[in-house]
Amino acid sequence: MSPDDSTSADRPFSAHSADPFTIEGWQVDPAACRLERDDEVIRLEPKVLSVLVVLARHAGSVVPRETLHERVWPDVIVNDNALTRCISDLRRAFDDDPRDPRVIETIPKVGYRLIAPVKPVAPRTDVAAAEAEGASGEGGASTRLAEGGDARSVPVGLVLLGIVVTVIGIVIGMVFAFNHRPELLRAEAPRPLTTAPGEELTPALSPEGTHVAYARPGDGLFVRVIDAETPLQVTRGPDAFPSWSPDGSAIAFLRCPEQVCRPFTVSSVGTDERPVADVRARPMGLAWSPDGTTVALADTAHAGLVLLDLDTHQRRILTAPVAGMQVDGYPTFSPDGTHLAFVRLNGPHNGDVYVVELETGRLTRITEDDAHVWSVAWMPDGASLLIVSNRRGPYGLWQAPVDGEGTLHAVPLSARDPGPLAAARSSSRLVFADYAYDVDLWRLDLQTGTSEPVAFNSTWWDKEPHVASDGRMAFVSNRTGTPEVWVAEEGVPRRLTRFGEGTVYSPRWSPDGTRLAFAARSGSHADLYVTTPDASTPRRMTTADADDLNPRWSRDGRHLYFASNRTGQWQIWRVALDGEAPVQVTEEGGFVAMEGPSERDS
């Protein structure tokens, strides 16, 4: 980061996109929300780090409180206590005395001034090392969102008074030009392409980068000239995953009335719609080869990807994941058509990015996070990939070399929650979906049928509620920048976990309401944790090199049932709180289990 304000005041502010800089011998890494000096590391909450970034961009100048509020909390009304707490946390981190400050000076009734020198440093590239450090130990476990699902699934709970979770979604497509530096991609400020209410998903850029095809769920496919205002509807139905022909005259897509899809093609002006072949595919993407002869898709007859010849309709199995444990999907061809990038799922939603050489079938593994990968696109030169992933907690854009040898680079992007993306083969444009979800908790009166939002909702995601018998609610919220477990007592929310990276999910009160169980991911596997409302460090209950999810308490509160894939298949297991080793309960599979109110209901 440069000490000058390189981000204009009218552009969306993102502290995570700032470059590293130094203050008082500390290197500030905004992307990782941490300070480093020698072997010492201090982690900061995202909002605290954002305050520091704003002050650093105006180092030596007074920054009014109003400006800090506008930049750090642009969509939230907060009082001065939030800002005061952030300043206190920064002073504590820098060991700065407010009565004799070296770093931050208080200007009474006005604001604050950063008086310590700010020096820019080279952008941090060793992302993997930062993640490895952050994922070690119980207190720094890197985790992911959703109960057996991805961070965009919207759970619905009806507990006691009926707590329901709702979501309002507006997807905004954005297009921007980018320049490829050898060390890191630098994207220009994106601009909105579509602004209609509802969802616009799975965008695809035409080969020359002048048109965008996208899906409106349930309505069909639309094509829009980037510089025009009105899109053209080219199909009507449950269609998704458009992919352009090499000459831009036609679009291949999947029609998915349920969970099984069939490939079709249609002209770019909405005529000559026809099925490609009698093929049943999973709703996991489709790609048209640059030479126009084949499409790649996830055939339901195989766990891997297949190449479908458009003339002969012959199918070639391209990848072969471990049956029953992995599934391949979301293919995309390299610009020269010699390789295919795809996502190999290791569970319901999380996985890693691979590249397969079409001629030899040789696989190269690109990522090793077992994170949720929204989308993969090739850079025009074919030397690197762009990946939308939650590998560091919040969803972001990453650049990865295709040889699998280099580290992944975080690409600064002014987007709240980027989703599916696509790049043009012969231009410097990229299009992506930007999610603007606001997931809230609601209380439903089962007698009157009336509902109202709870008082402690935020403008971010508040979800997965569970209510104790005394009315306390545990839930997951990312209001501090990353998902954590929160507990609300008498309408006042309090953060219970402080993982700082990744997420937690599935909080569940014990029958007596004294303990909470939840799942959290550390590195390549998820574990179960148990804590009390006043504990500073949760207790880890499972440590297998596998995914342990969906904890549910036994009636007596002495055991937890959970789902685990430690045997290679999802089965129900049980672990005792007294430290006994987990035992397998089912043989025929299972993902969620709980005891009934009596022994006969177990």
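Up top is the structure.
This structure is a prediction, so every number in the text was calculated from the model and none was measured.

Draft legend 1. Fine view of the state of the cysteines. Enumeration over the complete set of coordinates arrives at 1 disulfide. A sulfur-sulfur separation of 2.0 Å characterises the disulfide bridge that pairs Cys-256 with Cys-261. Where Cys-256 bonds to Cys-261 through sulfur, the torsion about that S-S bond is close to 110 degrees, and the disulfide is right-handed. Accessibility classification places Cys-256 together with Cys-261 in one group, the buried group.

Draft legend 2. How the structure looks around the pairing of strand 18 (residues 250-255). The element strand 18 is extensively covered by neighbouring structure, given that 6 of its 6 residues are classed as buried. Burial along strand 18 is two-sided: Ala-250, Ala-252 and Leu-254 facing one way and Ile-251, Phe-253 and Arg-255 facing the other are all buried. Between the antiparallel neighbours strand 17 (residues 239-244) and strand 18 lie 5 residues, among them Gly-248 with a positive phi of about 75 degrees. The sheet contact formed by strand 18 and strand 19 (residues 262-267) spans 6 bridges and is antiparallel. Its bridge partner being in strand 19, Ile-251 is matched across the sheet by Val-266. Counted along the chain from strand 18 to the antiparallel partner strand 19, the turn is 6 residues long.

Draft legend 3. Molecular detail of the packing of aromatic side chains. Applying the stated criterion across every chain yields a total of 9 aromatic pairs. On the numbers, 5.7 Å between centres and 80 degrees between planes, the contact of Phe-499 with Tyr-529 is edge-to-face. Taken together, the residues Phe-499 in the loop between strand 40 (492-495) and strand 41 (504-509) and Tyr-529 in strand 43 (residues 525-531) connect sequence positions 30 residues apart. The buried category is assigned to Tyr-529, whose relative accessible area is 0%. By the ring-pair criterion, three or more aromatic residues cluster together here, those being Phe-499, Phe-518 and Tyr-529. It is Arg-255 that lies over the ring of Phe-264; its NZ or CZ is 4.8 Å from the centre.

Draft legend 4. Structural detail: the pattern of salt bridges. Scanning the entire structure with this criterion turns up 25 salt bridges. When the shortest N-O distance is used, the salt bridge between Asp-272 and Arg-274 registers 2.7 Å. Judged by relative accessible area, which is 48%, Asp-272 ranks as partly exposed. Here Arg-274 falls in the partly exposed class, since its relative accessible area comes to 45%. Residue Arg-555 is joined to Glu-595 by a salt bridge in which the shortest nitrogen-to-oxygen separation is 3.5 Å.

Draft legend 5. How the structure looks around the sheet that holds strand 37 (residues 462-467). With respect to topology, 4 strands assemble into an open sheet ordered 37-38-39-40, the strand pairing being antiparallel. The open sheet is flanked by strand 37 and strand 40, the only strands paired with a single partner. Here the average twist between neighbouring strands, direction ignored, is 30 degrees. Bridge analysis of strand 39 (residues 484-489) against strand 40 gives 4 bridges, and the strand direction is antiparallel. Bridging across to strand 40, Glu-489 finds its partner in Val-492.

Draft legend 6. Structural context of the sheet that holds strand 7 (residues 111-114). Strand order in this open sheet of 3 strands is 5-7-6, and the pairing throughout is antiparallel. Edge positions in the sheet fall to strand 5 (62-64) and strand 6 (104-107), since each has one partner strand and no second. Strand-to-strand twist in this sheet, taken as the mean axis angle between neighbours without regard to direction, amounts to 30 degrees. Across the sheet, helix 1 (residues 46-57) lies against strand 5, strand 6 and strand 7, angled at about 70 degrees from strand 7, the strand it touches most. Running over the sheet, helix 2 (residues 65-72) touches strand 5 and strand 7 and is turned about 70 degrees from strand 5.

Draft legend 7. Spotlight on the side chain of Asn-390. Among the secondary structure elements, Asn-390 is positioned in the loop between strand 30 (384-389) and strand 31 (396-401). Residue Asn-390 is classed as buried on the basis of its relative accessible area, which comes to 4%. A polar contact is formed between the side chain of Asn-390 and the backbone nitrogen of His-372, at a distance of 2.9 Å.

Draft legend 8. Up close: the pairing of strand 17. In terms of residue burial, strand 17 counts as a mostly covered element, since 6 of its 6 residues are buried. Strand direction decides the pairing type here: strand 17 and strand 18, joined by 4 bridges, are antiparallel. Looking at the pairing, Ser-243 lines up with Ala-252 of strand 18.

Draft legend 9. How the structure looks around helix 1. Given a rise of 1.5 Å per residue, 12 residues ought to cover 16 Å, and the 16 Å separating the end C-alpha atoms of helix 1 matches this to within 8%. With 12 of 12 residues buried, helix 1 lies mostly within the body of the structure. Regarding helix 1, the residues found buried are Pro-46, Lys-47, Val-48, Leu-49, Ser-50, Val-51, Leu-52, Val-53, Val-54, Leu-55, Ala-56 and Arg-57.

Calculation notes
- Residues numbered from 1 in each chain as written.
- Predicted model: local features only at pLDDT ≥ 70, side-chain atom pairs only at ≥ 80, totals over all residues.
- Heavy atoms only, no water.
- Disulfide = S-S within 2.5 Å.
- Buried < 20%, exposed > 50% of the residue type's maximum accessible area, 1.4 Å probe, protein only.
- Helix = DSSP H or I, 4+ residues; strand = E, 2+ residues; numbered from the N terminus.
- Pairing = 2+ DSSP bridges.
- Phe/Tyr/Trp six-rings, centres within 6.5 Å; stacked < 30°, edge-to-face > 60°.
- Lys NZ or Arg CZ within 6 Å of the ring centre and 35° of its normal.
- Salt bridge = Lys/Arg side-chain N within 4 Å of Asp/Glu carboxyl O.
- Axes fitted to C-alpha atoms, helices over the stretch in contact; angles between N-to-C directions.
- Contact = heavy atoms within 4.5 Å.
- Polar contact = N/O pair within 3.5 Å; in protein donor to acceptor, adjacent residues only side chain to side chain.
- Expected span 1.5 Å × (residues − 1).

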